[in-house]
Amino acid sequence: MHKKPSIFGGACIIASVCVGAGMLGLPSSGAGAWTIWSVITICFTMGIMTISGWLLLESYKHFYIRASFSTVTKALLGNQINFLNNLAVYFVGGILLYAYITASGSILDNLMKPFIDLGVSGSRLWSVVFVFVFSYFVWHSTRIVDRISVLLIIFMSLSFIFSTYGLATNIDLTILFD
């Protein structure tokens, strides 16, 4: 018996990647810009992402439903641009993997220091452990990845709601727009 993949689980996998990357990058990028410049930058980025999504949607409506991003790019822009596009996609994927692995190694090192102090290269070792553990999940079954991503999205949403509520109740506008 073959079960169809869960659309909700697939959406959670995509949301986990997108939201996770933003949670890793945006706070450190906006830390020195302060409130107004950070809000302007986030709104500009949101506008560009929305427009690019609309353009992709417009491009995809002329193709078969299973057409890939590479197929659409090759058909509309040619082989050379498709090669550059694929190279850019692989580069972004590699950078995201690097960011997740190093950040997770650092987080695990800080969490485990009270119990196991591995010294200076502890975060590197925890990065390797992180890769082996989660690689096993991906290798074993995509259904496990589906279930884990649903749990992570639920916890991420709850933590966002609680932290936003906690922060919003303590806003001091004189300090915020200083």
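Residues numbered from 1 in each chain as written. Predicted model: local features only at pLDDT ≥ 70, side-chain atom pairs only at ≥ 80, totals over all residues. Heavy atoms only, no water.

Re the overall build of the protein
Step number 1: Scanning the protein from terminus to terminus reveals seven helices and zero strands.
Step number 2: Sequence-ordered secondary structure for the protein, helices as α and strands as β, is α-α-α-α-α-α-α.
Step number 3: Here the protein holds 178 residues, and the buried ones make up 13% of them.
Step number 4: At a minimum sequence separation of 6, the contacts of the protein that also span at least 24 residues come to 50%.
Step number 5: Just so you have it, the protein exposes about 14300 Å², and 75% of that area is on carbon and sulfur atoms. (Helix = DSSP H or I, 4+ residues; strand = E, 2+ residues; numbered from the N terminus. Buried < 20%, exposed > 50% of the residue type's maximum accessible area, 1.4 Å probe, protein only. Contact = heavy atoms within 4.5 Å. Areas by Shrake-Rupley, 256 points an atom, 1.4 Å probe, with all protein chains shown as cover.)

Some points on the packing of helix 5 (residues 122-140) against helix 6 (residues 142-168)
When two helices pack together, their arrangement is given by the angle between the helix axes and the distance between those axes.
Step number 1: Viewed as axis vectors pointing N to C, helix 5 and helix 6 meet at an angle of 120°, and their least axial separation amounts to 5 Å. Judged by the inter-axis angle, helix 5 sits oblique to helix 6. Contact residues: Phe137, Val138 and His140 in helix 5; Thr142, Ile144, Val145 and Ile148 in helix 6.
Step number 2: Of the residues in the contact of helix 5 with helix 6, the class split is five nonpolar, two polar and no charged. (Axes fitted to C-alpha atoms, helices over the stretch in contact; angles between N-to-C directions. Parallel < 35°, antiparallel > 145°, perpendicular 65-115°, else oblique. Nonpolar A, V, L, I, M, F, W, Y, C, P; charged D, E, K, R; others polar.)

Side note on the pattern of salt bridges
Step number 1: Applying the stated criterion across every chain, the model contains two salt bridges.
Step number 2: Across the pair Glu58 and Lys61 runs a salt bridge whose closest N-O atoms are separated by 3.1 Å.
Step number 3: Using a relative accessible area of 55% as the deciding quantity, one classes Lys61 as exposed.
Step number 4: For Asp109, the salt bridge is made with Lys113, and the minimal N-O distance between the two is 3.5 Å.
Step number 5: For Asp109, a relative accessible area of 5% gives the class buried.
Step number 6: The exposure class assigned to Lys113 is partly exposed, which follows from its relative accessible area of 37%. (Salt bridge = Lys/Arg side-chain N within 4 Å of Asp/Glu carboxyl O.)

Thoughts on a nonpolar patch on the surface
Step number 1: Residues Ile36, Trp37, Ile40, Ile171, Leu173, Leu176 and Phe177 make up a contiguous nonpolar surface patch of about 740 Å² in total accessible area.
Step number 2: The set of elements that each furnish at least two residues to the nonpolar patch consists of helix 2 (34-60) and helix 7 (173-176).
Step number 3: Ranked by residues supplied to the nonpolar patch, first place goes to helix 2 with three residues.
Step number 4: Position of Ile36 relative to the elements: it lies in helix 2. (Patch = residues over 30% accessible without salt bridge, like charges linked within 9 Å, V, L, I, M, F, W, Y side chains within 5 Å.)

What to know about the side chain of Asp109
Step number 1: With respect to the helices and strands, the residue Asp109 is situated in helix 4 (residues 79-112).
Step number 2: Those residues within four positions of Asp109 in sequence are excluded, and the remaining contacts are Gly122, Ser123 and Trp126.

With respect to the UniProt feature "transmembrane region" (unreviewed entry) in the protein
Step number 1: UniProt records the feature "transmembrane region" (unreviewed entry) for residues 7-28, 34-57, 83-101, 121-139 and 148-168 in the present numbering.
Step number 2: With 100% helix and 0% strand, residues 34-57 has end C-alpha atoms that lie 34 Å from one another.
Step number 3: Taken end to end, residues 148-168 is 100% helix and 0% strand, and its first and last C-alpha atoms sit 30 Å apart. (UniProt positions renumbered as here; feature names shortened; annotations may be inferred.)

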